[in-house]
Amino acid sequence: MYVHFDGYPSGRLPLLLAAYQHRFAGDIEAMARHLIDEVDYGWSGLGTDLLDGAPDDLRQELTGGTEFSRRKYSSVINSDGRPAERELITKANCGGLDWGYVLHPHGIEVISLSEEDRGPVVDWDTDPRARFSDSYMRWKPGQSVPATVPPRATQPDALPAQPAAASTTKRSAARR
C-alpha cells in the first residue's frame, strides 16, 4: 500500500515494529488488514495510533511527545475525472518511490527500490528504538540489517528490559 510521507527506514521501521509488538500483539494478519485491506487507495501518512498499547516511555521516545493522526487518501481522482483504483506497486510503476516494505511472518523486508528488487528482513522482535540507516547502499540482499542497538537506560542493579516476545499466532503469506 502506498504511503506518501516519511518512507525512510529510520522513520518507518520503529513505528511498524512497535505497532506489531504492541498494538497488534504479534498478529500479522490484523496488522495487514489495518495497513493494507482497510484503506481504499493509500495513506498520506501513518499516525501515532499505531503506537496504541505501547508503553508510554517507548511512545515518548519514538515520537518526542508529538501525536499525529493517520491520514488516508480520501478522494483520489485520475486525470480523466474517474476515481482512482488501487494499484499494485511493481518494478514497472515504482518510479519516484524510494522504499518498499513487505510484511512477512518473520519480519519486515526493506527494499531500496532505486537499487534492488529484494532486501534484508528486520525481525519482528527487533527493538523499535534501534537506529536504522537511511542509506540505500546499506539495504542490499544478503547483508545484515543496517541498524545500531539503542543505548540502554538502566539504573544500577536494574535488569535490562527485554524486547516483547513474538506471538505464537499463526501467520500466513507475505503481504505488500
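Above this note sits the structure.
The rules we used
Residues numbered from 1 in each chain as written. Predicted model: local features only at pLDDT ≥ 70, side-chain atom pairs only at ≥ 80, totals over all residues. Heavy atoms only, no water. Pairing = 2+ DSSP bridges. Helix = DSSP H or I, 4+ residues; strand = E, 2+ residues; numbered from the N terminus. Contact = heavy atoms within 4.5 Å. Phe/Tyr/Trp six-rings, centres within 6.5 Å; stacked < 30°, edge-to-face > 60°. Buried < 20%, exposed > 50% of the residue type's maximum accessible area, 1.4 Å probe, protein only. Axes fitted to C-alpha atoms, helices over the stretch in contact; angles between N-to-C directions.

Visitor: Would you mind going over the sheet that holds strand 2 (residues 42-45) in detail, with residue names and values included?
Guide: Taken together, three strands build an open sheet; the order of strands is 1-2-3 and the sheet is mixed. Edge positions in the sheet fall to strand 1 (2-3) and strand 3 (71-72), since each has one partner strand and no second. Sheet topology places strand 1 next to strand 2; two bridges connect them, and they run parallel. The partner of Val-3 across the bridge, within strand 2, is Trp-43.

Visitor: I'd like a rundown of the environment of Tyr-8, residues and numbers included.
Guide: As for its placement among the helices and strands, Tyr-8 is situated in the loop between strand 1 and helix 1 (9-23). Distance in space between the C-alpha atoms of Tyr-8 and Trp-99 is 6.8 Å, their sequence separation being 91 residues. For Tyr-8, the residues in contact, after removing those within four places along its chain, are Asp-98, Trp-99, Tyr-101, Asp-134 and Tyr-136.

Visitor: How would you explain the packing of aromatic side chains if you had to name every residue and give the values?
Guide: For the coordinates displayed, the defined rule picks out four aromatic pairs. Seen in terms of ring centroids, Tyr-20 and Trp-124 are 4.1 Å apart; in terms of plane orientation they differ by 20°. Their pairing is stacked. Within this pair, whereas Tyr-20 is found in helix 1, its partner Trp-124 is found in the loop between strand 6 (121-123) and strand 7 (131-132), the two being separated by 104 residues in sequence. Of the two residues, Tyr-20 and Trp-124, both sit in the buried class. Seen from their ring centres, Trp-99 and Tyr-136 are 5.0 Å apart, and the 20° between their planes marks the pair as stacked. Of the two residues, Trp-99 is situated in strand 4 (residues 99-104) and Tyr-136 in the loop between strand 7 and strand 8 (147-148); the sequence distance between them amounts to 37 residues. A relative accessible area of 24% means that Tyr-136 is categorised as partly exposed.

Visitor: I'd like to hear about unusual backbone geometry, residue by residue, with values.
Guide: Although it is not a glycine, Ala-25 adopts a positive phi angle of roughly 45°. When you line up the elements, Ala-25 lands in the loop between helix 1 and helix 2 (28-37). We classify Ala-25 as partly exposed; its relative accessible area is 49%.

Visitor: Which residues make up the sheet that holds strand 5 (residues 107-112), and what values go with them?
Guide: Here we have three strands laid out as an open sheet, ordered 4-5-6, and antiparallel in their pairing. This sheet does not close on itself; its edge strands, each paired only once, are strand 4 and strand 6. Here the strands of the sheet are splayed against their neighbours by 25° on average, with no regard to which way each runs. Where strand 4 lies against strand 5, six bridges are found, and the strand directions are antiparallel. Within strand 5, the position partnered with Val-102 by the bridge is Glu-109. Here helix 1 sits on the sheet and contacts strand 4, strand 5 and strand 6; the angle it forms with strand 5, its principal contact strand, is near 165°.

Visitor: How would you explain the pairing of strand 5 if you had to name every residue and give the values?
Guide: On a regular strand, one side chain projects to one face of the sheet and the next to the other, so that they alternate. For strand 5, a buried count of six out of six residues is recorded, marking the element as mostly surrounded by other parts of the structure. Where strand 4 hands over to strand 5, the hairpin turn is made up of two residues, counted between the paired strands. As paired elements, strand 5 and strand 6 share three bridges and run antiparallel to each other. In the strand pairing of strand 6, Gly-107 is matched with Asp-123.

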